[in-house]
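Given next are the chains, with one letter for each unit.
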Amino acid sequence: MSKSHHYRACHLCEAICGLAIETESQPDGSTQIRSIKGDPQDSFSRGHICPKAVALQDIQNDPDRIRQPMRRIGEQWQAITWDEAFELVAERLSAIQTEHGKNAVAVYQGNPSVHNYGLMTHSNYFLGLLKTRSRFSATSVDQLPHHLTSYLMYGHGLLIPIPDIDHTDFMLILGGNPLASNGSIMTVPDVEKRLKAIQARGGKVVVVDPRRSETAAIADQHLFVRPGSDAALLLGMLNTLFEEGLTRDSHLPVEGLEQVRTAVAGFHAEAMSARCGVPTEHIRQLARDFATADKAVAYGRMGVSTQAFGTLCQWLLQIINLVTGNLDRAGGVLCTSPAVDLVASTSGGHFNRWQSRVSGLPEYGGELPVSALAEEMLTPGEGQIRALVTVAGNPVLSTPNGRQLEQALDGLDFMLAVDFYINETTRYADLILPPTAPLEHDHYDTTFNVFAVRNVTRFNEAVLDKPTGALHDWEIFVGLAKAFAARNKLELKPTMAPQQMIDAGLRFGPYGDRSEHKLSLATLREHPHGLDLGPLQPNLVARLKTSNQMVQAAPELLLADLARFAEQELPSDSELLLIGRRHVRSNNSWMHNYHRLVKGKPRHQLLMNPADLASRGLSDGQRVQVRSRVGSIEVEVAASDEVMVGVVSLPHGWGHARPGVQMDIARAQPGVSANDLTDERLLDVLSGNAVLNGVPVDVVAA
Ligand SMILES: Nc1nc2c(c(=O)[nH]1)N[C@H]1C(S)=C(S)[C@@H](COP(=O)(O)OP(=O)(O)OC[C@H]3O[C@@H](n4cnc5c(=O)[nH]c(N)nc54)[C@H](O)[C@@H]3O)O[C@H]1N2
Ligand SMILES: Nc1nc2c(c(=O)[nH]1)N[C@H]1C(S)=C(S)[C@@H](COP(=O)(O)OP(=O)(O)OC[C@H]3O[C@@H](n4cnc5c(=O)[nH]c(N)nc54)[C@H](O)[C@@H]3O)O[C@H]1N2
Ligand code: SF4
Ligand SMILES: [Mo]
């Protein structure tokens with residue numbers, strides 16, 4: 001038996017921590033994982049890991065994980081060969097498109113797609129051939145407002161300024177809980193140490209959240225905000241900055257700043273306080289503290305993008321950074337210069353070129369809002385969706401009104417899933433194509449290097465051999481493309497392996513052949529702990545992709561959205577609002593069958609303020625029924641003054657007790673799905689992004 005050592009970035013969340021993995025070859029010829037530890041030689045993550053990394057061996061060894069193509073006949077799953085599977089997909093999807101049109105076949109791509117570079121490079125090799133406008137992804141239950149804002153202001157949806165957390169003096173966080181999520185659209189391993197370092201150098205961390213989150217608990221200041229009302233708080237802050245002359249000039253070429261000043265002149269902190277529940281004086285003081293800090297960052301994440309004014313929030317955050325001189329400035333927010341530069345090498349995007357058939361929701365970058373997926377399947381008429389391809393996603397648990405989506409999936413003519421589990425969504429598939437497990441393929445972060453708090457890059461080889469007969473995700477898409485192209489007599493361009501594409505991306509990129517670094521795949525192979533390319537630097541002027549090379553401070557769509565904001569009714573005090581929560585031992589809707597992660601006390605309860613329990617005659621630990629417009633669930637309630645009065649919190653991604661799910665969740669608590677309560681009609685109307693936070697509910701004894 002011989003041991004070997006491997007270095008590899010963890011792909012499970014956006015923090016991309018370096019791992020040191022020890023494997024041992026066995027007498028039977030197989031290789032087993034001996035240990036997974038943090039890699040102290042990774043200068044970015046400095047040895048940090050979280051419990052999920054250790055569970056990579058659970059993914060590898062999980063008996064529930066499927067390892068060969070499976071076809072469903074009634075309730076039974078039967079193994080079939082890859083070639084039969086590819087033929088079946090080509091035949092069924094072609095027939096459906098011939099009869100009902102291209103858009104009758106829909107696509108949903110889930111979150112792990114972005115963490116798996118073979119999916120980034122090759123899923124479109126096949127999906128593009130479908131030429132369907134019925135494309136959906138997890139983007140519209142998450143960060144769509146970030147992309148739309150960057151597209152409108154900077155000319156490219158991926159040109160998103162990142163907090164310079166290591167050099168700032170003041171970090172304002174709204175709707176993000178990096179201590180649980182490990183950071184998002186801010187790739188930042190070891191975030192707790194980095195936040196504490198701000199405090200150690202005399203700076204401040206301020207968190208705005210309807211729950212005193214793990215991050216709020218270590219902050220210098222925590223402000224409770226009424227769910228869904230952050231736009232009011234930000235407008236009150238911006239208004240104060242202008243009124244009190246707290247703005248600073250920027251070196252950037254900017255168009256429209258005067259229009260912004262005029263547009264927000266009516267939104268005084270006093271009026272905004274009534275909307276967001278933050279006292280006027282706190283709003284004003286926050287604006288003053290922010291503006292007078294030498295270097296400051298306003299950062300808003302998931303919690304503020306998945307609300308009714310999510311895009312307005314993301315725009316206001318950009319403007320606050322801009323007018324205080326913190327945009328494109330060390331210690332403020334900066335864009336990365338990634339080694340494989342997706343911004344330079346792709347077009348900026350497009351918005352609202354077409355709309356969804358039933359509700360008229362806008363496309364962004366060729367995708368429609370996923371809240372419209374079920375209605376597009378359930379509503380008869382030309383263009384009705386009849387077939388679905390899901391890739392690395394679980395929309396039944398991840399998108400609003402999951403019960404309605406289940407009903408829609410049940411009525412499809414054909415469904416294909418590229419996934420390695422029979423979960424709440426894929427159990428409806430006619431065919432499941434399972435890729436290799438994560439450690440069986442090589443790895444490069446196409447996305448998270450673009451959002452990292454330093455310029456970093458790394459490539460890692462597969463840790464374990466590819467099992468005989470297995471295919472990588474990208475190879476599955478090549479197989480599908482070939483079968484589909486052959487059947488439809490389409491010309492298929494040749495392709496190359498993902499590694500070769502990265503090699504080309506590195507050589508053409510800013511550290512490539514034309515630079516002193518001469519980065520290529522070969523260089524990265526020599527540096528398995530990753531390469532640090534230095535701190536973020538001001539670069540926005542050169543990277544802007546707007547037509548006139550100026551920052552667009554006042555996009556018309558956003559100014560118009562201010563009118564929608566102003567027309568809202570004042571919130572009522574009697575309403576209970578549902579918000580979400582993440583935990584470091586849970587990852588969206590999967591990994592709940594890994595004992596290592598889910599052991600310990602249950603974490604899926606509804607959190608409710610003791611005052612709200614008392615006023616309803618409920619008590620801690622009791623089973624309650626939670627009801628919304630779309631459905632109801634039963635769950636235990638836990639008294640917690642972490643959540644403000646009028647707010648209840650429930651994590652998403654649970655609710656596994658559904659027939660046909662073939663995962664050993666029995667060992668864990670199946671929990672209930674927050675998305676059996678969230679409402680597909682509640683949207684950030686501007687972008688079409690789902691509202692997952694601030695959903696009106698009531699709670700009664702079960
Ligand atoms: N109420 C509420 N809902 C939410 C959220 C919330 O905060 N509250 N968060 C939202 C957010 S931010 C997101 S991103 C979405 C996530 O929603 P989804 O992307 O739909 O769901 P995931 O749980 O990430 O999907 C995981 C699936 O991918 C598969 N998978 C994992 N790795 C691979 C791989 O390498 N290849 C393939 N082919 N499959 C793989 C797993 O087996 C699993 O079935 O949920 C959203 N939904
Ligand atoms: N352990 C773990 N890590 C993860 C994931 C996971 O499931 N588990 N998922 C990954 C994914 S896909 C993503 S997108 C990221 C998300 O990463 P984050 O954006 O950090 O998401 P959360 O941890 O859900 O934190 C959202 C916070 O917003 C707060 N919030 C809710 N409503 C409002 C509101 O109206 N206003 C304000 N100001 N705050 C509000 C919630 O209370 C919560 O504390 O995490 C990633 N990392
Ligand atoms: S924080 Fe945990 S899950 Fe995220 S990359 Fe690091 S080890 Fe992996
Ligand atoms: Mo996400």
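K.L.:
For the site of ligand 1, give the residues involved together with the corresponding values.
P.N.:
Taken together, 28 residues are adjacent to ligand 1, and Tyr108, Asn111, Ser398, Asp419 and Ser589 come closest. Asparagine 111 has a polar backbone atom sitting 2.5 Å from an oxygen atom of ligand 1. Protein contacts shield 97% of the accessible area of ligand 1, which totals 920 Å² for the unbound molecule. Tallied by class, residues from the shell around ligand 1 come to 13 nonpolar, 11 polar and 4 charged. In terms of domain composition, the shell around ligand 1 takes at least three residues from each of domain 2 (85-141 + 345-453 + 468-498) and domain 4 (572-701).

K.L.:
Requested: an account of the sheet that holds strand β19 (residues 431-433), with residues and values cited.
P.N.:
With mixed pairing, the 7 strands of this open sheet are ordered in space as β5-β4-β19-β18-β17-β6-β7. Looking along the sheet, the strands with just one partner apiece sit at the ends: β5 (76-79) and β7 (135-137). Neighbour-to-neighbour, the strand axes of the sheet open up by a mean angle of 20°, direction not taken into account. Relative to strand β18 (residues 414-418), strand β17 (residues 387-391) runs parallel, the two sharing 5 bridges. Across the sheet, the residue bridging to alanine 387 is phenylalanine 414, located in β18.

K.L.:
Residues and numbers for the packing of aromatic side chains, please.
P.N.:
Counted according to the given criterion, the structure contains 9 aromatic pairs. Measuring from ring centre to ring centre gives 5.8 Å for phenylalanine 267 and phenylalanine 565, while their planes differ by 65°; the resulting arrangement is edge-to-face. Of this pair, phenylalanine 267 sits in the loop between α10 (257-264) and α11 (269-276) while phenylalanine 565 is found in helix α23 (residues 556-567), placing the two residues 298 residues apart along the sequence. Taken individually, phenylalanine 267 and phenylalanine 565 each receive the classification buried, so the pair is uniform in this respect. A centroid spacing of 6.3 Å and a plane angle of 45° characterise the contact between phenylalanine 420 and tryptophan 590, whose relative ring orientation is tilted. Taken together, the residues phenylalanine 420 in the loop between β18 and β19 and tryptophan 590 in the loop between β25 (576-579) and α24 (595-598) connect sequence positions 170 residues apart. The burial state of phenylalanine 420 is the same as that of tryptophan 590; both residues are buried.

K.L.:
Give me the lowdown on the domain arrangement of the chain, citing residues and values where you can.
P.N.:
Each assigned domain of the chain is listed with its residue range as follows: domain 1 (3-54), domain 2 (85-141 + 345-453 + 468-498), domain 3 (164-329 + 540-564) and domain 4 (572-701). Residue-level contacts link 27 residues of domain 2 with 29 residues of domain 4. The contact between domain 2 and domain 4 buries some 2300 Å² in all, and 54% of this surface belongs to carbon and sulfur atoms. Scanning the region where domain 2 abuts domain 4 turns up 2 salt bridges. The partner of arginine 403 in a salt bridge is aspartate 676, and the shortest N-O contact between them spans 3.3 Å. At the junction of domain 2 and domain 4, the tally comes to 14 residue pairs in polar contact (both at pLDDT 80 or more). Among the elements of the structure, α17 (395-398) and α18 (402-410) are those that each provide at least two residues to the side of domain 2 that touches domain 4. The leading source of residues in the side of domain 2 that touches domain 4 is α18, at 4 residues. Classifying every residue of the side of domain 2 that touches domain 4 gives 12 nonpolar, 11 polar and 4 charged.

K.L.:
Please provide a residue-by-residue account of the nonpolar core, values included.
P.N.:
The biggest cluster of nonpolar side chains holds 93 residues, and the ones touching the most others in it are Leu172 and Leu238. Residue-level mapping places this core at the junction of two domains, with at least three residues from each of domain 2 (85-141 + 345-453 + 468-498) and domain 3 (164-329 + 540-564). Once residues lying within four places of it in the same chain are set aside, the contact partners of leucine 238 are Val260, Val264, Leu316, Ile319, Ile320 and Val323.

K.L.:
Account for the site of ligand 2, with residues named and values stated.
P.N.:
What surrounds ligand 2 is a group of 32 residues, the closest being Ser181, Asp209, Asp230, Ser586 and Asn588. At a separation of 2.9 Å, an oxygen atom of ligand 2 approaches a polar backbone atom of asparagine 177. A distance of 2.5 Å separates a nitrogen atom of ligand 2 from a polar atom in the backbone of serine 586. Alone, ligand 2 offers 920 Å² of accessible surface; in the complex the protein occludes 97% of this. At the level of elements, α6 (178-181) and α13 (302-305) are the ones that each hand at least two residues to the shell around ligand 2. If you tally residues by element for the shell around ligand 2, the top one is α13, at 3 residues. Classifying every residue of the shell around ligand 2 by side-chain character gives 9 nonpolar, 16 polar and 7 charged. Here the shell around ligand 2 spans two domains, and each of domain 3 (164-329 + 540-564) and domain 4 (572-701) adds at least three residues to it.

K.L.:
For the side chain of threonine 324, give the residues involved together with the corresponding values.
P.N.:
Structurally, threonine 324 is set in the loop between α14 (310-323) and β14 (333-334). Given a relative accessible area of 0%, threonine 324 falls into the buried group. Among the polar contacts made by the side chain of threonine 324, one reaches the main-chain carbonyl oxygen of isoleucine 320 at a distance of 2.7 Å. Excluding anything up to four places from it in sequence, threonine 324 contacts Leu241, Arg248, Phe290 and Ala291.

K.L.:
Lay out the pattern of salt bridges in plain terms, naming residues and giving numbers.
P.N.:
In the structure shown here, the tally under the stated rule is 42 salt bridges. The shortest N-O distance in the salt bridge between arginine 629 and glutamate 680 comes to 3.4 Å. Here glutamate 680 lies in the loop between β29 (647-649) and β30 (683-684) and arginine 629 lies in the loop between β27 (623-627) and β28 (632-639), a separation of 51 residues in the sequence. The class for arginine 629 is partly exposed, based on a relative accessible area of 45%. Looking at glutamate 680, the relative accessible area reads 12%, which means it is buried. Put simply, Glu243, Glu244, Glu270, Glu281, Arg284 and Arg288 are held in one network by salt bridges that share partners.

Definitions and limits used
- Residues numbered from 1 in each chain as written.
- Chains lettered and ligands numbered in written order.
- Predicted model: local features only at pLDDT ≥ 70, side-chain atom pairs only at ≥ 80, totals over all residues.
- Heavy atoms only, no water.
- Near = heavy atom within 4 Å.
- Polar contact = N/O pair within 3.5 Å; in protein donor to acceptor, adjacent residues only side chain to side chain.
- Areas by Shrake-Rupley, 256 points an atom, 1.4 Å probe, with all protein chains shown as cover.
- Nonpolar A, V, L, I, M, F, W, Y, C, P; charged D, E, K, R; others polar.
- Domains from an automatic or database assignment.
- Pairing = 2+ DSSP bridges.
- Helix = DSSP H or I, 4+ residues; strand = E, 2+ residues; numbered from the N terminus.
- Axes fitted to C-alpha atoms, helices over the stretch in contact; angles between N-to-C directions.
- Phe/Tyr/Trp six-rings, centres within 6.5 Å; stacked < 30°, edge-to-face > 60°.
- Buried < 20%, exposed > 50% of the residue type's maximum accessible area, 1.4 Å probe, protein only.
- Contact = heavy atoms within 4.5 Å.
- Buried area = accessible area lost by both parts, 1.4 Å probe.
- Salt bridge = Lys/Arg side-chain N within 4 Å of Asp/Glu carboxyl O.
- Core = buried A, V, L, I, M, F, W, Y, C linked by side-chain atoms within 4.5 Å.

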